[in-house]
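These are the residues of each chain, in order.
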2 protein chains.
Amino acid sequence: MADDAAPPGAVPTDGQPHTRALRASPPGTGRTPLDRRRVLAAAVEFIDEHGLEALTMRRMGAHLGVEGMALYRHVAGREDLLDGVVELVVDELYGDPEVYLAPEHGWQDYLQRLAHGVRRIALDHPALFPLIATRPPAAPWVRPPLRSLRWLESFLEALTGHGFSDEAAVAAYRAYTSFLLGHLLLEVSQRGVPITALDDPEGAPDAGERSLAEYPLVRRLAPLLSEDESAAEFEESLENLLERLQRVLRESRRPGSTP
Amino acid sequence: MADDAAPPGAVPTDGQPHTRALRASPPGTGRTPLDRRRVLAAAVEFIDEHGLEALTMRRMGAHLGVEGMALYRHVAGREDLLDGVVELVVDELYGDPEVYLAPEHGWQDYLQRLAHGVRRIALDHPALFPLIATRPPAAPWVRPPLRSLRWLESFLEALTGHGFSDEAAVAAYRAYTSFLLGHLLLEVSQRGVPITALDDPEGAPDAGERSLAEYPLVRRLAPLLSEDESAAEFEESLENLLERLQRVLRESRRPGSTP
DNA sequence: CCCGTCGTGCTTACGCCGTAAACACGGACC
DNA sequence: GGTCCGTGTTTACGGCGTAAGCACGACGGG
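Residues numbered from 1 in each chain as written. Chains lettered and ligands numbered in written order. Predicted model: local features only at pLDDT ≥ 70, side-chain atom pairs only at ≥ 80, totals over all residues.

Chemist: I'd like to hear about the overall build of chain A, residue by residue, with values.
Modeler: Broken down by element type, chain A carries 11 helices and 0 strands. Secondary structure elements in chain A, listed N-terminal to C-terminal, are α-α-α-α-α-α-α-α-α-α-α. Residue burial in chain A is summarised as follows: out of 259 residues, 29% are buried. Of all intrachain contacts in chain A linking residues separated by at least 6 positions in sequence, the fraction that spans at least 24 positions is 66%. (Helix = DSSP H or I, 4+ residues; strand = E, 2+ residues; numbered from the N terminus. Buried ≥ 20, exposed ≤ 12 C-beta atoms within 10 Å, placed from the backbone. Contact = placed C-beta atoms within 7 Å.)

Chemist: A description of unusual backbone geometry should follow, citing residues and the corresponding values.
Modeler: Residue and element names in this part refer to chain A. At the junction of proline 144 and proline 145, the peptide bond is cis and its omega measures out at -5 degrees in the coordinates. Structurally, proline 145 is set in the loop between helix 6 (129–134) and helix 7 (149–160). Although it is not a glycine, tryptophan 141 sits at a positive phi angle of roughly 70 degrees. Take tryptophan 141: it is sitting in the loop between helix 6 and helix 7. For tryptophan 141, a count of 19 C-beta atoms within 10 Å gives the class partly exposed.

Chemist: Please give an account of helix 7 (residues 149–160) of chain B that cites residues and values.
Modeler: Taking 1.5 Å per residue, 12 residues should reach 16 Å; helix 7 of chain B reaches 16 Å between its end C-alpha atoms and fits that length. For helix 7 of chain B, the set of buried residues is Leu149(B), Trp151(B), Leu152(B), Ser154(B), Phe155(B), Leu156(B), Ala158(B) and Leu159(B). (Expected span 1.5 Å × (residues − 1).)

Chemist: How would you explain the UniProt feature "DNA-binding region" (unreviewed entry) in chain A if you had to name every residue and give the values?
Modeler: Under the present numbering, the feature "DNA-binding region" (unreviewed entry) in UniProt falls on residues 56–75 of chain A. Helix makes up 35% of residues 56–75 of chain A and strand 0%. Its end C-alpha atoms lie 13 Å apart. (UniProt positions renumbered as here; feature names shortened; annotations may be inferred.)

Chemist: Tell me what's going on with the environment of Met60(A), and back it up with residues and numbers.
Modeler: All names here are of chain A. Tracing the chain through its elements places methionine 60 in helix 2 (residues 57–63). Exposure remark for methionine 60: the 22 C-beta atoms within 10 Å place this residue in the buried category. When the C-alpha atoms of methionine 60 and leucine 40 are compared, they prove to be 9.8 Å apart, with 20 residues separating the residues in sequence. The contact partners of methionine 60, leaving out residues within four places of it in the chain, are Ala42, Ala43, Phe46, Leu55 and Leu71.

Chemist: Run through the relation of the copies chain A and chain B, naming residues and quoting values.
Modeler: Superposing chain A onto chain B takes a rotation of 180 degrees plus a shift of 0.0 Å along the axis, which leaves an RMSD of 0.1 Å. Taken together, these values place the two copies in the relation of a two-fold axis. Considering only C-alpha atoms, the residue of chain A closest to the rotation axis is Gly182(A), which sits at 1.9 Å. A shared binding surface is used by both copies, with 98% of the interface residues of chain A retained as interface residues in chain B. (Least-squares fit on C-alpha atoms with pLDDT ≥ 70 in both.)

Chemist: A description of the confidence of the model for chain A should follow, citing residues and the corresponding values.
Modeler: Regions with low pLDDT carry predicted coordinates that are not meant to be interpreted in detail. Residues and elements named next belong to chain A. In the predicted model, chain A carries a mean pLDDT of 82, and the fraction of residues at 70 or more is 75%. Low confidence marks residues 1–30, where pLDDT is under 50. Its contacts with residues over four positions away, or in another chain, come to 8 contacts. Every residue in residues 199–208 is under pLDDT 50, and counting partners more than four places away or in other chains gives 3 contacts. Both confidence scores are given for the complex: pTM 0.84, ipTM 0.83. (pLDDT = per-residue confidence, 0-100.)

Chemist: Any chance you could break down the interface of chain A and chain B for me, citing the residues and the numbers?
Modeler: Residue-level contacts link 43 residues of chain A with 43 residues of chain B. Of the residues assigned to the side of chain A that touches chain B, the class counts are 22 nonpolar, 13 polar and 8 charged. (Nonpolar A, V, L, I, M, F, W, Y, C, P; charged D, E, K, R; others polar.)

Chemist: Can you tell me about the domain arrangement of chain A, naming the residues and giving the values?
Modeler: All names here are of chain A. Under the domain assignment, chain A is made up of domain 1 (36–89) and domain 2 (96–194 + 234–253). Computed over C-alpha atoms only, the centres of domain 1 and domain 2 are separated by 28 Å. Contacts between the two partners involve 9 residues from domain 1 and, on the opposite side, 9 residues from domain 2. Mapped by element, the contributors of at least two residues to the side of domain 1 that touches domain 2 are helix 1 (36–50) and helix 3 (78–91). It is helix 3 that contributes the most residues to the side of domain 1 that touches domain 2, 4 residues altogether. (Domains from an automatic or database assignment.)

Chemist: Would you mind going over helix 8 (residues 166–191) of chain B in detail, with residue names and values included?
Modeler: In a regular helix each residue adds 1.5 Å, so 26 residues correspond to 38 Å; helix 8 of chain B covers 38 Å between its end C-alpha atoms and thus fits that length. Residue Gly192(B) follows helix 8 of chain B closely and has a positive phi angle near 65 degrees.

Chemist: So what's going on with the packing of helix 5 (residues 106–124) of chain A against helix 8 (residues 166–191) of chain A? Residues and values would help.
Modeler: Residue and element names in this part refer to chain A. Put simply, helix 5 and helix 8 touch, their axes get as near as 10 Å, and they point 30 degrees apart. In terms of orientation, helix 5 lies roughly parallel with respect to helix 8. The handedness of the crossing between helix 5 and helix 8 is right-handed. Contacts between helix 5 and helix 8 pair Leu111, Ala115, Val118, Arg119 and Ala122 from the former with Tyr176, Leu180, Leu184, Glu187 and Val188 from the latter. (Axes fitted to C-alpha atoms, helices over the stretch in contact; angles between N-to-C directions. Parallel < 35°, antiparallel > 145°, perpendicular 65-115°, else oblique. Left-handed = near helix turned anticlockwise from the far one by under 90°.)

Chemist: Break down the packing of helix 1 (residues 36–50) of chain B against helix 3 (residues 78–91) of chain B for me, citing the residues and quoting the values.
Modeler: All names here are of chain B. Put simply, helix 1 and helix 3 touch, their axes get as near as 9 Å, and they point 85 degrees apart. Compared by their axis directions, helix 1 and helix 3 come out roughly perpendicular. Across the interface between the two elements, Arg36, Leu40, Ala41, Ala43, Val44 and Ile47 of helix 1 pack against Leu81, Gly84, Val85, Leu88 and Val89 of helix 3. For the contact of helix 1 with helix 3, the class distribution of residues is 9 nonpolar, 1 polar and 1 charged.

Chemist: Residue-level account of the environment of Gly77(B), with values.
Modeler: All names here are of chain B. In this structure, glycine 77 sits in the loop between helix 2 (57–63) and helix 3. Of the residues examined, glycine 77 has 11 C-beta atoms within 10 Å and is grouped as exposed. When the C-alpha positions of glycine 77 and methionine 57 are compared, they lie 8.6 Å apart, and in sequence the two are 20 residues distant.

The following block contains the structure:
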């Protein structure tokens, strides 16, 4: 009401306390006009920086120099925005899918590359990996963190193309996704998301320290427990899984070998 | 579980033999007066019934026949309520810990029982398992879904008490939690949380169906993919993990051996 | 018996949230 | 120049978490 926009000719004295920053369009060249991809990318950036629960439509708007409601031209709502963010991040992996498909190196190489690709994503975006992990997939059968039919198809192709039976390929898909999800979710949560949080007067210092007296083994093993062996663990479990799958494959090829 | 049975007849004025500082007033004539445990239990019930995102302080109040703000006498806020819920549900497993510790059956039996116990919790409360899985643990080193120092201690005790080196026990803990988390999170998310949802005009029927044309393998394997093999998978992976651990144990006992 | 005290739940209020709806405005095309 | 359309803005509404103060009933000491 009281805020009358200064007419164009007048000298805008910017010190007025009650004048909002009306910043419809910068002088001269207009700003690039926002589209879905840009919104989603900004959201990824924002989450990486401030964490998931800090993401708000209005704050996202501000982060883009825009008024919050503007986002609704490009996403259907907050949920859709989050879906889009997950999809965008997962699709980072698609750099060029043929790399992952490269048949000349066999299915084990494929699974290795894929696993490391997913792990890189998880480590690059620890704050939103829980989202990738827990958001219900768009299609049934598609299991996080391999969240797309495209990946499912390529996974099945890689295995059935190298001698796996249909059943074995499906079982492998399930074992593989479980492995990725468990390891990576724990790895990102263990590192603790850094976050430059807007708030953070956290001060529960030794709530655990005190009770450690009751848990002598935990106390004794504390040094071991706080070592970060994620990478080695991941590698070892992956190796183990691949061996298991190879055993399945070998046995399925010669049917009559029951001990 | 039922720690709170009213003593028979006798003197009703004294309900609590030993409480904190002063007497908490026993119920008079009106309704039983709400306490933290009851609030948390009601929240578990509510989440099981309506899902996580339906949980609201006011709705929780209504669910308890109370005015929402009343909850703040017993929980510090929404976050604290959720923490309490997770703790409460996880503690269901504690029915009697000696069952899990029973040393006469060895560490493998212990890990089996524990795994099945956690799985039961996950299946009983599918809507809040994601919470159990992703909420940052109170203490470092404690990994979901085994969310307490008590369990960490008992786990380490079981293994080191049966010949595992410190390093091997810690590695086993990590492998075991990864296994549980991956399998159970996918299992509960796959079954799709039922939820009598307050809203649910969901009608995206075949959004995936159409695109199936592009994914011939997925379409061919669809029947296999939609089978629910969770239980068998879980059993098999658990078995495999235990074998792996046993191998580690055996090898650590005779240092320079070859099969 | 009354009266202060205290624990419990209720009421009110504030600021932020997601989002529906109407509006303003600048460029594209005729 | 007019018209349209795509974009961002304004305003508004109901619901959220929660801070603060109030009402009331049960207790214990006089």
